[in-house]
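Close look at the chain arrangement
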Amino acid sequence: SISKSKSIMNTLPFKMLSATSPLPNGNDASIFVVLVRANAISIYYDQLLSSESFSPLLITMPSNNPLTACGISLNNADITCGHYVGNIRVINNILKDVEVYQIATRKEQQLHGTTSKKSKTAILPPDPLQNMITSRVHWHALPVSTIVYDSMSYVQDPLLYSGGEESVLVTWQISQGKDRP
């Protein structure tokens, strides 16, 4: 709804992140800018050397567990969220899903102009908001203050570090379900 969207946008962003990835044609690159607010994440997608514009994607967060930290994984596909109650959620492959969806939406609009909802569901890939896959872990008893990926670790299974008000740095290998203070 419009009033819900306005209230989300009234919260100031506390972090801005960016990522790039090559497009399948090999000539251009995709650019993602992620604005993080306590109650929402806005994902802006664009393509270098393109004059086309794409609509941003808005992921809302629960009001009883707002965001306190955020990061983009080394694979430039996952967004990792630290929350007020101490849990961490990884939104798996969201940037790649946004890219595929935005490109398919643009092609559909170029081929058929404004189309009905029925034809979109038959042609377009799933909406990234409707098909988000997340991983959740929890160690912190207090709000997560910081999240960062270790750039020296493997891209496929990177080490994630999180810190909170407990003054403890936690090392994660989320794909293996491992945590170590």
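Here goes a summary of the coordinates provided. Numbering of residues starts from 1 in every chain and runs along the sequence as written. Given that the model is predicted, a residue must reach a pLDDT of at least 70 before its local features are reported, and side-chain atom pairs must reach 80 or more before they are shown or counted; all residues, however, enter totals for whole chains, interfaces and linings. Based on all heavy atoms of the structure, the side-chain values leave hydrogens and waters out of the count.

**Considerations on the sheet that holds strand E10 (residues 160-164)**
The test is simple: Strand pairing is defined by DSSP finding a minimum of two bridges between the two strands. Starting at the N terminus, helices and strands are each numbered in turn, a helix being any DSSP run of H or I of at least four residues and a strand any DSSP run of E of at least two. Working convention: axes come from line fits to C-alpha atoms, limited for helices to the stretch in contact. Angles between N-to-C directions cover 0 to 180 degrees.
Spatially, the four strands line up as an open sheet ordered E9-E10-E11-E12, and their pairing is antiparallel. If you trace the sheet from one side to the other, it starts and ends with strand E9 (144-149) and strand E12 (178-180), each paired once. Averaged over all pairs of adjacent strands, the angle between their axes in this sheet comes to 20°, without regard to strand direction. With five bridges connecting them, E9 and E10 associate as antiparallel partners. Among the inter-strand pairings, Ile147 is bridged to a residue of E10, identified as Ser162.

**Some details on the sheet that holds strand E6 (residues 79-83)**
This is how the line gets drawn: Residues are treated as being in contact if the distance between any of their heavy atoms lies within 4.5 Å.
Here four strands make up an open sheet; going across it, the order is E5-E6-E7-E8 and the pairing antiparallel. The open sheet terminates on both sides in strands that have one partner only, identified here as strand E5 (67-72) and strand E8 (133-138). The mean angle between the axes of side-by-side strands here comes to 20°, regardless of whether they run parallel or antiparallel. Here five bridges tie E5 to E6, and the two strands are oriented antiparallel to one another. Note on E6: the bridge partner recorded for Leu67 is His83. Across the face of the sheet, helix H2 (residues 94-112) comes into contact with E5, E6 and strand E7 (87-92) while running at roughly 35° to E7.

**Let's talk about the nonpolar core**
Here is the rule: Only buried residues count toward a nonpolar core. Its members are Ala, Val, Leu, Ile, Met, Phe, Trp, Tyr and Cys residues joined through side-chain atoms within 4.5 Å. Note on exposure labels: buried denotes an accessible area under 20% of the residue type's maximum, exposed denotes more than 50%, and partly exposed covers the range between, all computed with a 1.4 Å probe on protein chains only.
If you look at the biggest cluster of nonpolar residues, it comprises 22 residues, and the most contacted ones within it are Val34, Ile41, Ile43, Ile79, Ile94 and Leu95. Elements that contribute at least two residues to this core include exactly strand E1 (15-22), strand E2 (29-37), strand E3 (40-47), strand E4 (57-60), E5, E6 and H2. In contact with Leu95, other than residues within four places in its own chain, are Ala19, Phe32, Val34, Ile43, Ile72, Asn76, Ala77 and Ile79.

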